[in-house]
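Structural overview
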Amino acid sequence: MSKIYLIGAGPGAADLLTLRAAKILADEAEIVLADDLVSAEILALVRPAARVLKVGKRGGKAPGRPHTPQDFIHRLMVRYARRGRTVVRLKGGDPCVFGRGGEEVEALAAAGLEAEVVPGLTAGIAVPAAAGIPVTHRAYTHGVTLVTGTAGDGCGEPNWAALAQSGTTLVIYMGLARLLNIVARLIAAGLPPDTPAAAIASGTLAAQRQVKGRLADLPALVAAEGLASPAIVVVGEVAALARVESLDLPAGRALAA
Ligand code: SAH
């Protein structure tokens with residue numbers, strides 16, 4: 001009997017994988033379709049007899065790296081499942097948070113197949129936590145909004161003006177490439193330029209690096225420190241709690257001890 005799993009690999013560190021995910025990778029997987037964000041450490045947990053196919057999508061932006069179209073991934077999953085294989089679609093973070101898990105479940109359903117989703121720790125919550133930022137904190141915010149920093153991908157530009165007014169912590173995925181633009185829009189919509197903000201790259205991995213400062217200065221800080229994708233951007237009072245040298249935080253905003 002074939003089986004299809006959509007598994008979240010968590011933010012990076014292998015020991016942040018769920019026990020369920022680790023068990024399926026080690027005991028059941030026959031074909032693993034893995035995203036770029038899945039670390040070598042995690043792929044090492046896959047049973048040796050399994051076939052691992054890298055189907056990363058960042059290749060389109062990184063010269064020389066292959067780019068796998070989404071519908072090809074759907075076809076691969078369907079093909080192997082119909083051959084009776086146990087197929088694992090392995091994605092960074094949670095498969096259903098900016099991970100196209102929803103699209104993949106729909107594509108499989110259209111082919112008469114059902115997938116079991118195994119949730120993972122999403123980067124937008126786990127990575128700030130690993131850097132000292134609680135995305136909610138009763139003293140500073142009543143909520144958190146997870147949003148993509150990319151425009152396009154079928155759903156247009158996020159409503160930055162509404163987000164600026166939301167009073168929630170903003171956690172921005174895929175935000176580095178357009179950071180200047182996003183920061184300008186948030187400030188134009190009324191978010192004070194001295195709102196605390198942070199960016200964390202390669203969170204939970206040995207290579208984790210982070211910066212924090214005023215929202216208006218964040219693009220310059222990111223550039224000065226050479227932070228690169230994958231990175232999470234956090235905007236809001238809680239960002240001041242990031243464990244990093246405080247850079248130009250105005251008095252009264254430096255909440256960290
Ligand atoms: N499904 C994933 C998100 C995929 S979108 C999840 O739930 O986490 C890819 C984006 O996730 C990256 O551009 C980056 O913004 C974020 N991301 C994933 N892993 C990360 C990490 N280890 N450190 C910082 N950001 C990360």
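Described in the following lines is the structure provided in the data block. (Residues numbered from 1 in each chain as written. Predicted model: local features only at pLDDT ≥ 70, side-chain atom pairs only at ≥ 80, totals over all residues. Heavy atoms only, no water.)

A word on the pairing of strand S2 (residues 31–34). Of the two faces of S2, the one holding Ile31 and Leu33 and the one holding Val32 and Ala34 are both buried throughout. Examined bridge by bridge, S2 and strand S3 (residues 51–54) share four bridges and lie parallel to one another. By the bridge assignment for S3, Leu33 is matched with Leu53. (Buried < 20%, exposed > 50% of the residue type's maximum accessible area, 1.4 Å probe, protein only. Helix = DSSP H or I, 4+ residues; strand = E, 2+ residues; numbered from the N terminus. Pairing = 2+ DSSP bridges.)

Quick look at the site of the ligand now. Around the ligand lies a shell of 18 residues, among which Pro11, Val97, Thr122, Gly203 and Ala231 are the nearest. A distance of 2.8 Å separates an oxygen atom of the ligand from a polar atom in the backbone of Met174. Here a nitrogen atom of the ligand sits 2.8 Å away from a polar atom, N or O, in the main chain of Gly203. Here the ligand, which alone exposes 540 Å², has 93% of that area covered by the protein. Residue classes in the shell around the ligand are distributed as twelve nonpolar, five polar and one charged. (Near = heavy atom within 4 Å. Polar contact = N/O pair within 3.5 Å; in protein donor to acceptor, adjacent residues only side chain to side chain. Areas by Shrake-Rupley, 256 points an atom, 1.4 Å probe, with all protein chains shown as cover. Nonpolar A, V, L, I, M, F, W, Y, C, P; charged D, E, K, R; others polar.)

It is worth spelling out the sheet that holds strand S8 (residues 196–201) at this point. The strand order S6-S7-S10-S8-S9 describes an open sheet built from five strands, whose pairing is mixed. Each edge of the sheet is formed by a strand with only one pairing partner; in this case those strands are strand S6 (144–148) and strand S9 (209–214). Geometrically, the sheet is characterised by an average inter-axis angle of 15° between neighbouring strands, direction not taken into account. The sheet contact formed by strand S7 (residues 169–173) and strand S10 (residues 231–235) spans four bridges and is antiparallel. The partner of Tyr173 across the bridge, within S10, is Ile232. Those strands touched by helix H5 (residues 123–130) are S7, S8 and S10, and its axis lies near 80° from that of S10. (Axes fitted to C-alpha atoms, helices over the stretch in contact; angles between N-to-C directions. Contact = heavy atoms within 4.5 Å.)

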